[in-house]
Structure formats: C-alpha cells, structure tokens
2 protein chains.
Amino acid sequence: MRNPLRVPAAALLVLGMFAAPALSDEGMWTLDNLPLRQLQQRYGFTPTPEWVEHVQRSCVNFGGASGAFVSADGLVLTNHHVALNQLHKMSSARQDYVHDGFFAHTRAQEIPCPDLELKVLWSMEDVTAAVNAAIDTKMPTDQQNTQRKAALARLEQESTTRTGLKTESVELYQGGQYWLYRYRTYKDVRLVCAPEEQIAFFGGDPDNFSYPRHDLDFAFFRIYENGQPVRPEQWIRWSPTGAKEGDLTFVVGHPGRTHRMRTVAQLEYDRDVQAPLRIRIQEQRAATYRAYAARGPEQARQTVSALRGLENNLKRERGFLEILRDPAFLAAKRVEEDGLRARVAKTPALAGPCSGAWNHIAAAERALRAQGRGRQVRDIARVSRLVDFATGLVRMTAEVEKPNEKRFREYRESNLASQRFQLLSPARVYPEMEEPVFAAHLQLCLDSLGAGDPFVKAALDGRTPQAVAHEILSTTRLADVAERRRLLDGGRAAVEASTDPLIAWARRIDPAYREERRWFEDNVESVESLEGAHIAQARFALDGRSLYPDATGTLRLSYGKAAGYQQLTTDVPWETTFFGLFDRVRSFGNRPPYEMPVRVASAEHALELSTPLDFVTTNDIIGGNSGSPVLDRRGEYVGLVFDGNIQSFHWDYGWTETQARCVAVDSRAIVEALRKIYGMGDLADELVGSVAK
Amino acid sequence: MRNPLRVPAAALLVLGMFAAPALSDEGMWTLDNLPLRQLQQRYGFTPTPEWVEHVQRSCVNFGGASGAFVSADGLVLTNHHVALNQLHKMSSARQDYVHDGFFAHTRAQEIPCPDLELKVLWSMEDVTAAVNAAIDTKMPTDQQNTQRKAALARLEQESTTRTGLKTESVELYQGGQYWLYRYRTYKDVRLVCAPEEQIAFFGGDPDNFSYPRHDLDFAFFRIYENGQPVRPEQWIRWSPTGAKEGDLTFVVGHPGRTHRMRTVAQLEYDRDVQAPLRIRIQEQRAATYRAYAARGPEQARQTVSALRGLENNLKRERGFLEILRDPAFLAAKRVEEDGLRARVAKTPALAGPCSGAWNHIAAAERALRAQGRGRQVRDIARVSRLVDFATGLVRMTAEVEKPNEKRFREYRESNLASQRFQLLSPARVYPEMEEPVFAAHLQLCLDSLGAGDPFVKAALDGRTPQAVAHEILSTTRLADVAERRRLLDGGRAAVEASTDPLIAWARRIDPAYREERRWFEDNVESVESLEGAHIAQARFALDGRSLYPDATGTLRLSYGKAAGYQQLTTDVPWETTFFGLFDRVRSFGNRPPYEMPVRVASAEHALELSTPLDFVTTNDIIGGNSGSPVLDRRGEYVGLVFDGNIQSFHWDYGWTETQARCVAVDSRAIVEALRKIYGMGDLADELVGSVAK
C-alpha cells in the first residue's frame, strides 16, 4: 500500500513537457499543431483535416469558458455553472431561474441573454515573423514592447477589415509565437433549458473539484441571427452509444491559464506574493458577500453567482498555493530549468540571445515584489459591476481618441463592439449589494497601502471607504442603460462633463491606474514576453516543435481516455450512475449541500438509475475548459466537461496522469434527465435527432 | 484546502493516551475500568453496573475475533470474514458455502462447525498483588519471569477448579496488572446463515480497509448444548430504529494487539526487523497459494480462506510499516517517551524502580535484532494445518507430563480441552495445497539461515525443501482424525513410537524450537514484561488509573459516535445505502471484485434501496474487533463492526479521530437482506422479535 496521505506532490508531477510526450496523454494542443504521431502511437487514430476543422468550427467560446453547437438549429450546450452568471442576470426576486431551473417548451419561450457574446474560431494565421520584423531588438525593452503591441494592433485591424471576422492576436509559448485568431461572433443568445442549480452543482463547495461526482451541470442555449435560430455550418453529433471505459476521448475548449513554462523566479513570485494576496482579497470579498446574504433570502439570491465564483476560485487557488509551497515541487522545477539552461549554454547559437533571459526575468520579478503587492490591491476590476461600467466608460472614451496602435489592447478597434455590448448590458445591477463589497475593497486598499498612496488618495479623498462607497453607489445613475449609452455616445466630452459621482470617481482614479499599468507593461510584461520568447525559441531549437504552449484562453484540443484511478488503496470508478446520486443524498439525509430538488427526487422510479451520470478521463484541462465537449474518435458528443478532480490542480504546473482527471457529465445522463426529470423530450429529440447515421 | 496527499501522518496522531482523554472518544477500555467521567461529560450517559454486565455476558469471543448473542435461542452474530475459516472447512468441491452462501430454513438444517470453540467472559479478578508477591525481585530477570509464569499457572488452575469456568490469565498494561478472566465455553456451534462471500466481501482487497463501503459482512451461528439451542442468560436486543448520525455508540469486542505503549526501542525493532520480515514471509506465502490456485477452480477454492487472511494482513502491515517509517511519527513518540522519562526521573519514589527500564528494554531489543530475524523465519506455526497437528501432538504430549506451573502456557491444565478440540478437528485438510506452502517456507529458512542453522539441519536433514515437503505431506496419516486421536490418547510414548514421517519430522525440530523459545522468554519476554510493569506503575503513579491498556485480545469496550469525516476536501458520509452498492457495481461494469451475486442483483426492485447499508463511527478498534456489536445507549444492536478505514491504521500506534473510523454493517441492512434477498424472514423475525419493548 502506498500511504495515500503522503504521496509527495512533486513525485506525481512528470515535469516532462519537453520529454517525449508519446508516453502520456499530456498536452493542450493548438489545432494547427496536433500531436499526430502520439495519437497514432497510443490510440491508432489520426484525425483528418476535415475532422479537425469540423471540431474547431463546432466549438464555441462562451465568455472565456467553452461550449459547442449540438444541433442543426443552433443549439449550444455548456455547463450550468458557465451559464450561471447569465441565469443570475435573468432572474429576479420574483423569478429565480438559478434555484428553480428554466425550461422552454417552445422557441417562443426561449429568453434572450442580456449580455452574452459567443464566438467561434473560424481561422488562424501565424504572424510571428511579421511581429518580430516590427521589433527593433537594439531598442530598450520597453520600446520593443511598444513596437510589438503596435504591430499586433495593426495586424488585428488589417485582418478584421479584410475578413469581416473579429480578429484577436494570440501570444503563444510566452512570446515564442504570435497568431491571429479570427472569430464569428453572436450576440443574440437565448436560454433554452437549465436544471436547478442544486442538481447542477450537487454537493456544493465540498464536492467541487471532487470525484466521484453526481452533478447535472448542463445548460442549453440557442443562437439566433436576425430573429431566427442560426443554422451552423458545423455542429457536434450526439453519440448514439456514449463512451465506454478505455475509449479515446477528445476535449476541445478554452483552457484559461497554466503555468507550466513559468520560470522558477516567476513561480516564486506567485508563491510568495501573488497567490497569498489573491486568496486574502477573495476571502475578504466572499466574507462581505456572505454578510450581505445573511440579511435575507432575496439578498442571498443576489449573491449566488458572485459567491459561487469566489468559492470556486478560493478552493482552486488554495490548492495551487499548497503545490507552490511544496519544497519538492519547486526543487523539481529548478532541476528542469537548470537542465535547460545548461543545454542552452552548450549551444552557441542559443547561448547568445538566451544568455540573460532567466536573469532578466528574475530581475523583473524582484521589481514586481516591491511594487506588485500594491498593484493587486489597487486592481478594482470585478469588485462591482457599476464601478466597472464607470471605469470602462472613462477609459474607452479616452482610448478611442488615440490611434489604434497606441490604445490599451482591449480598446483596439477590433474589440470595440464587444466592449460596447458589455457596457450597455441591460442586466439588473444591485447597488445595495455592491456597496459593502466596494467599501470592503477600498478599506483593504487603505489598510494595505496607507492614506498616502496615490490611488488611495484619489479613491478616498480623505473620507472613509464606507462613506465613499455609500455616497457613490447610492446616487450614481449608471444602473440605467440609457445613461451609459448617453455617455458612450457622447464620448470623452460627455464623460468629462458628467456630474455622476461614480464617473467623477472613475476620472479621479484614472491617472493612478494608467501610471500603474504603464509601469507594469514597461518593466514586467515587456521582459516576460521578450525574454520568454528567447527561451521558447531555444526550446524549439533543442526539442523541435512537438511542444504545446501554456494555456492562453484560446481553443485547444487534448486527447486522453475514459479511465478511473486508484486512491487511498482502492479503485475510483471511471463513471458514476444515478444510483450514486441517490446514495449520496440519502447518506447525508438530504442535508445541504447534498439535497435533491423535488423534481429529481420525484423521478426516482421513472429514471433508469443505472444510467451513467458523470465520468472521468485523462484529458489535459484547466479552468476555462468548463463546458467543453468530450468527443469520441468519430467526433461525436459523449460528455460535457465541468470540472477537474482535486488532483488535477497539479495540471496548473505540470502533467501527471496517476490520479488527476477531467470530470464530465455523461451525454446519456443529459438525455435521461431531459426526458425523465424535466419533461423536455423535444429537446432530447433535437439532440438525439442529430445522431450520426 | 488542506492538500489531501500530504497530511503528515504524525500530525494526525494525538499521542495523548496519557493526557486527559475526556477530549476524545479514545480508548479500548476493560470492563472493570470504564471511563465513566468522560462518557458523562461527552455524552451525558453513565452505564449502570447491570448495563455493563449485560453487555459483557452477551458478547462472544469468536476464536480471537468477536460476536454477540442476538436472540433468546442462542443465535450468535459475527462477520462473514470471521466465519470464513469455518465456512471453508465445511465446504467441499461439491458444495461451496463460501461462494454460494448458506441458508438454514429449519433448525435441522443448521450445520455443526468442525472446530469452532466460542467463549463468553463471565467474571474477572485482579490478581496483580498475588502475582507480584510470588516474584522475588532480587533474582535475575529470567528467574523472576519463571516465577511470574508459575504463579499465573497456579492461579489459573485454582480458579478453573474452584469455579468450573475456563480461566485464562491476562497481562494488562505491559505487566502493570494481572487478571484472571473466566469464560463459559461452547463447542457445539452450528452455521445458520451466511451470504455469498462476494457480497460479504464486496470490493475485495481494494475496498478492504476502505470507506465508503458496501458489504454485507455478516454470518449467523447458533450455539447448542446437549443437542438443544442454548438459552443465554443475556443477549443483545435488536434496535427497532437503528442508529442516527451523531448517536453515541459502543463497540464491545476483542481487539487483538495495539502498540501504543511500546517504547521507541521496541517500535524501532518493529520497523527495522519484525514488520519488513513478516511482510516478506506473507508475500511469499500468498504467492505460493496463488500459484496453487492457478491450477484450477477446485484448487482456487481451497486457497480462499488462507489467501483472504494473507491479503488482509499484508494490506494492514504494509500500512503499519509506512507509519513506522514516517520519521515524524517516531519523533513524536520519542518526545512523548522523553517527557515521561523526565517526569519519572524527577519523582524519587519512581526513579529507583524505573531507573533502568527503558535502557533494559532497549538492550533486549538489541539482542533480538541479532537473534530475532532467525526466530521469525523459523516460526512454522500456521504454515500448514498438518504440520500444526504434528508439532501440537509432539509438544502437548511432552508438556502434559510436566507439573502445570512448568508447562508452556498454552498447555496449562485449564487450556487442554481447547487444545484437544483443535487437534481432533474433523475438518478436511488439503495436503496437496499445503505441500508447496510448506516447501516454500522451508526454502525461505534455508535461504535466510543457511544449511548450518540447527533448525534448518533438523528440518531438511540435507535434502531439498521440496523433497522434504513432498515426502512428508504425501505420506503422513495425520489427515485422519483417528490417527491423531490414537497419538493423543497414547501420549508421549505413542508419539515417540510413531513412524509417521510428519511426526518424526516434528520430533526432529522440537529441540531447536524449545531452545529458541527458551532464549526468547528468558532474554526478551522477561525484560519486556518486568520492565514494562515498572513503566506502567510509574504511569499509574503520575497520571492516576484513568488509563486503558494496549489491546490484548480480551474483552474491551470503546465509546464513540456515528460520524462521517472530511477527505480530499469533501465530505465522506457517515452511512452508505443499497443505492451506493448498485452504483459501485454498475460503475465498474459488474467486474470483479465489484460484481454482485445473482441473488442480490435480482433483488434490485424488491429492496428498499435507501436502506442504510454500512456506516462509520469514531469507536476505537483494531483487528480482533471484527464481529463486535455496535450498541446504542440502550444497549441495543445497531451495527456489526467489520473493518476500520485506511486511516484507522494509525490506531495501532496512537489515537486520532480526524479521519480514522470503525466500519460497521447497519443492523437495518441485515434485516433487509435477510427478508428481501435471502428469503430468511424467519431469521429476521427471530432478530426483530428480540426488539426491546
């Protein structure tokens, strides 16, 4: 027996991203560079270019997370927890779709989402050479960085104009490659069906990142264009059989961020500064939401979406920090890095450009240690929707007056429509809920940075955080879409003339924000990107192109298989069933978070309880893959990724397949639930009707 | 989140056996010294003397394991895995009760066990003063040990003669106390009901020591006297309701061995010599059985009981060794020991008798390191039933000619009837199976000790292990009960005259065996017992009598509560249900060891699947507690202990209740299975008929 309590984390980590990956299911691969040899060797399968394009154009970027077209009539399937923010925005005190679920029995009953923009990756172009050609490597680093960004802005804009497709530049391999990704975008997205949150997120925070698992974490949307359901050129067919244990599985989606190529200096910064502070900020924010929720059921309802997100992040980030703090983990990373540096030093063609790369990055991290704590505390993004509206209006109206190449990247011409869509969201805001959260964050700024900090001075102007937050959020008119539209359409002049107290506040803090950002881009981003590119080029030169880049929130494919694992001396099965759901409910006496919605409990005798419910695979995923389809080798839909198990936290930093697993809802459970629990037989037919002949 | 993979074992261990135990559910208490104050403080419950006597006399010692009377008609309930050895002995190639189960629908169908002797603890007497008075502490240690054993033999025999009850002396607190335990014994025990092993041991070796769990690990026997079911004076009433989460629970049974009071020197010997060697020997033996089992289904059937025992022990002992090898564990033990030694040194009345105790024990362990490896290898007990018969006949017929006080303890007058019962067992033996196991063990002796070792010389006489084993086991007549009876009745003369090759072999190795044992008793046992007593007396003097002794295979009571725990960031429920069983079966595709017997699978729709199946409590247990009843505060039957979870391995060395749990079959599952799966409604009625009014 291995003592399950003391498997050293680092021993599980195969830090072998640059060793032969044919031995494992490792990798979040870009679709232009799939590991064809490994796939053939391990699974006897080689996808055709048509297979790849079909998969690429069937997958949907769901506001940073993932989803896929699953019918000819524009039906899109993602996770309930990905949909949660929209469900929450569509709900009210009177009608709580999060708690009660939502079930459209006709097209007419489908409800438009207030501010959901979906996009489908249509084409990709490697522009590394063009970007590098625009950089004068004799210039100081910050100026090279400015040149780099200007080149990307120009390339994006040229592509958008030429193709009519929204184009975003993508930096892969820490700057080793630059690509243009072109998207079809959709802004008329309507809710079709979502189960009750209690069964979508059965087991709540304890079961989150856990397995075995018993969740129906799905939600259906339909994309419309010109008032009609879109007829996608490509969509994923529903598997008539579902997956079997051992089957080859593909996951295609948008993994957000991994840190596998970070240098030791970068990881040490994360460990010592970034991660602990992020955790502290989020803990404080979660506590503030909970206090607000305690005021009553309606207040509790208002906090659901934010609290779920914070709890999810906290569980994950505490796990990450524990890995970073494991001395064996960083020691193994250091061995790997020293090995690479030694190989580089022995290779004359690389030793030159790479000579200072690691040291320069380490110096940037040292600068960040001194400055970085303040940076994170001052970051007020996502503290409050109203505050985000105000800072967005102030920044966007100022930025659009600059030439495209000189703007903050999020306000480049190609992204303005998306920005406008978000700023004009009709979704209800809750100023009373946002006020204590905003106040608490300002208090944290004051406590951490002191009254003399430029941001604090601008933000508080000598008053208390509570007074500032109350005065501003109780009187701002930005909850009104018309007011936001007036300011946006009026541009910089309208914003500067506005007497709205929140706009005035956003104007006051704007100089501090811009100075902060300039400092970071000039001193850290520039070094990480330019020196990261040197390291990546060295890796390409030494190990060929059979690498995959760290996750960047863009489309990736991972391959693996449906497989259980061993834990605590026994076997964890590759799949669970509805029997297991009923077991867990009864075992905990139907006590939260293990209680079952009445609709589900009532279906006990209608359900075929042996229907597979959730399952695990070895597919390499990370946050952002939520909502990704699990496909079999025919490219058919067999599962819906919604989580990783607790051991998959290691995947942020490296690959292991001993216990780490991707967790998915089984496609058969979705059909069974639609038919037997929710009376959504027509929706089930629409899915199954898409079964390949 | 705590990283579940790296909780240091020692951090879980509250090495607080001598601190205030009121803070936890710690302790395997003798029934004369229950922790009444803690029970009242923690659970507001104080058992009456009648409650205690009722429980004591309802419990049954089941050949070293545990069980209890559960009806007025002598019905006894224990685990299937405790019954396994008898079930195996009653089975044959034609009729396999292990695989198929056994179900007596009438008293006439109940089958007598071949060699099962049960005993019930009737009374206890503290004889510490009498034993100590018989020891002349000025004599050398080995002679003190001889005096001690002679006193115990005399006291046992006087009690047996006076009371008519089989009396066994018990050494508690490493020699700190001596007691006489008097038993009623029963030799006519009949099998009533046993489910199929596949459901009793569902999940097999992987799920063993695991939780959540889904086993129906029960078996019913009935005790007869004079051809009639015995009418016990006391028996446990069946609870009409079963346990609830959080309920106070008692476990009463016979925990075998714990090592919580072992000194660091003793633990280091266990870690370095004893545990690794035991594991090696058992691994080799298991491999030999598996090779034999591979010959065919009947051979596989023959090995079931032995293999289950070996696998169970190996899983446990590998776990123990891992704890012993955790440097933090032994460091914590050393801190505790140093603390006690410092307190002793400061107390003049203790410093004298205790002055050398730890050093003397350490010296004995050093001697054992030199000698002990050979000892364990030479130990041929339980290698083969035939060999055990032969060595038993040779030893017993020689020993009984000595005065009672000078005999090996197992041949004292008070134990002769039990010895005779075992030696004359009519249960079938399988010489063809025993031969390779015996040969493999002799090979291990030869390999480890060399041809010149006195035992090896006597055992092999220059031939190969295989030749010796084959010649002896293929020609011995000891499989025949009549031959054993002839030798036993003929006494030493008959044994010495026997030409049976196995008897001749046992005579040849007898001198080496006796020399080995004498050396150990004079040089190690004597020191451990006499110096252990000094340490125990110091503990009593410093901390009062609110201690419990290490487990000694004698009757103990532990208290606790029905409670789940946290593991890998989520909650493990306190109970499972039949839903969970069906889930696990389907999750693994009904694949061994997760397949379900046809009878159980067929009952899916008859069973109330939400019936509680297994549950966990914080009761302090260890191997030997198998078959113990779990009682509620009314003293009613709510569960049947059959295992501890993997974290309970720590309980061998100290107490923790963070995750360590006792695992039991729920009383409601037993009744549900009897009625809905096995058509044993009458048996269920007999149980439920015993429900207290």
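Residues numbered from 1 in each chain as written. Chains lettered and ligands numbered in written order. Predicted model: local features only at pLDDT ≥ 70, side-chain atom pairs only at ≥ 80, totals over all residues. Heavy atoms only, no water.

### Here's the deal with the sheet that holds strand S13 (residues 556–561) of chain A
Residue and element names in this part refer to chain A. Quick reminder of the rule: One requirement defines pairing of two strands: DSSP has to find at least two bridges between them. In this description a helix means any DSSP run of H or I spanning at least four residues, a strand means any run of E spanning at least two, and both kinds are numbered starting from the N terminus. Helix axes are fitted to C-alpha atoms over the stretch in contact, other axes to C-alpha atoms as well, and angles between N-to-C directions run from 0 to 180 degrees.
If you walk across this open sheet you meet the seven strands as S13-S12-S18-S19-S20-S17-S16, and the pairing is antiparallel. Only two strands of the sheet have a single partner each, and these edge strands are S13 and strand S16 (575–577). Here the average twist between neighbouring strands, direction ignored, is 30°. Across five bridges, the pairing between strand S19 (residues 637–644) and strand S20 (residues 662–666) is antiparallel.

### Some thoughts on the pairing of strand S20 (residues 662–666) of chain B
When a strand is regular, its side chains alternate between the sheet's two faces. Residues and elements named next belong to chain B. To keep things clear, this is the line we draw: Only protein chains enter the accessibility calculation, which uses a 1.4 Å probe; a residue is then buried when its area is under 20% of its type maximum, exposed when over 50%, and partly exposed in between.
Of all five residues in S20, five are buried, a share of seventy percent or more. When strand S17 (residues 612–617) meets S20, the two strands line up antiparallel, connected through four bridges. Within the sheet, the bridge partner assigned to Val616 lies in S20 and is Val663.

### Here we look at the pattern of salt bridges
Put simply, the rule is: Criterion for a salt bridge: a side-chain nitrogen of Lys or Arg within 4 Å of a carboxyl oxygen of Asp or Glu.
Evaluated as defined, the whole model comprises 126 salt bridges over all chains. Among the ionic pairs, Glu117 of chain A bridges to Lys187 of chain A, the shortest N-O distance being 3.3 Å. Of the two residues, Glu117 of chain A sits in the loop between strand S5 (111–112) and strand S6 (118–126) while Lys187 of chain A sits in the loop between strand S8 (177–186) and strand S9 (188–194), which places them 70 residues apart along the sequence. Exposure remark for Lys187 of chain A: the relative accessible area of 31% places this residue in the partly exposed category. The salt bridge partner of Arg517 of chain B is Glu410 of chain B, with a shortest N-O separation of 2.8 Å. With Arg517 of chain B in helix H21 (residues 501–543) and Glu410 of chain B in the loop between helix H15 (385–399) and helix H16 (416–423), this pair connects stretches of sequence that are 107 residues apart. When salt bridges that share partners are traced, they join Arg148, Lys149, Glu171, Arg409, Glu410, Arg517, Glu521 and Glu525 of chain A into one network.

### Some thoughts on the environment of Trp655 of chain A
Residue and element names in this part refer to chain A. Let me state the cut-off plainly: We define a polar contact as two N or O atoms separated by no more than 3.5 Å, with the added condition that, inside protein, one atom must be a possible hydrogen donor and the other a possible acceptor, whereas residues neighbouring each other in sequence contribute only through side-chain atom pairs.
Mapped onto the fold, Trp655 is located in the loop between S19 and S20. Sequence spacing of Trp655 and Leu416 is 239 residues, and the spatial spacing of their C-alpha atoms is 37 Å. Polar contacts involving the side chain of Trp655 include one to the side chain of Ser24, which spans 3.2 Å.

### What to know about the sheet that holds strand S19 (residues 637–644) of chain B
Residue and element names in this part refer to chain B. If you trace the seven strands from one edge of the open sheet to the other, you get S13-S12-S18-S19-S20-S17-S16, paired in antiparallel fashion. With one partner strand each, in any of the chains shown, strand S13 (556–561) and strand S16 (575–577) form the two edges of the open sheet. Adjacent strand axes in the sheet meet at a mean angle of 30°, parallel and antiparallel pairs treated alike. In this sheet, S19 lies alongside strand S18 (residues 629–631) in antiparallel orientation, the contact comprising three bridges.

### A word on the side chain of Thr577 of chain A
Going by this rule: Here a residue-residue contact requires only that any non-hydrogen atoms of the pair lie within 4.5 Å.
In this fold, Thr577 of chain A is placed in strand S16. Filtering out sequence-adjacent residues up to four positions away, Thr577 of chain A remains in contact with His214, Leu609, Ser610, Thr611, Pro612 and Leu613 of chain A together with Asp583, Arg586 and Ser587 of chain B.

### Examining helix H12 (residues 327–345) of chain A
Residue and element names in this part refer to chain A. Selection criterion: Expected helix span is given by 1.5 Å per residue-to-residue step, counting one fewer step than there are residues. This arc describes the spread of directions from the helix axis toward the C-beta atoms.
Between its first and last C-alpha atoms H12 spans 26 Å; for 19 residues at 1.5 Å apiece the expected length is 27 Å, and the two agree. Those residues of H12 that fall on the buried side of the exposure criterion are Phe329, Leu330, Lys333, Glu337, Leu340 and Val344. On an axial view of H12, the arc spanned by its buried residues comes to 85°, and they lie on one face. For H12, the exposed residues lying more than 90 degrees away from the buried face are Pro327, Val335 and Ala345.

### A closer look at the side chain of Glu521 of chain B
Residue and element names in this part refer to chain B. Looking at where Glu521 falls in the secondary structure, it is placed in helix H21. Of the polar contacts made by the side chain of Glu521, one reaches the side chain of Lys149; its length is 2.4 Å. Contact partners of Glu521, with chain neighbours within four places excluded, come to Asn145, Lys149, Arg409 and Ser526.

### Looking at helix H4 (residues 80–90) of chain B
Residues three or four positions apart in an α-helix share a direction because the helix packs 3.6 residues into each turn. Burial of H4 of chain B is extensive: nine of the 11 residues sit out of reach of the surface. Within H4 of chain B, the full set of buried residues consists of His80, Val82, Ala83, Leu84, Gln86, Leu87, His88, Lys89 and Met90 of chain B.

### Some details on the packing of aromatic side chains
Just so we agree on the cut-off: The criterion for an aromatic pair is that two Phe, Tyr or Trp rings (for Trp, the six-membered ring) have centres within 6.5 Å, with stacked assigned to planes under 30 degrees apart, edge-to-face to planes over 60 apart and tilted to the rest.
Using the criterion set out here, one finds 48 aromatic pairs over all chains in the structure. A centroid spacing of 6.0 Å and a plane angle of 70° characterise the contact between Phe202 of chain A and Tyr594 of chain A, whose relative ring orientation is edge-to-face. One end of the pair, Phe202 of chain A, is in the loop between helix H8 (197–200) and helix H9 (204–207); the other, Tyr594 of chain A, is in the loop between helix H22 (578–587) and helix H23 (598–602), with 392 residues separating them in the sequence. Considered together, Phe202 of chain A and Tyr594 of chain A belong to a single accessibility category, that of buried residues. Considering the side-chain rings of Tyr173 of chain B and Phe540 of chain B, the 4.8 Å spacing of their centres and the 75° angle between planes classify their relative orientation as edge-to-face. Of this pair, Tyr173 of chain B sits in the loop between strand S7 (166–172) and strand S8 (177–186) while Phe540 of chain B sits in helix H21, placing them 367 residues apart in sequence.

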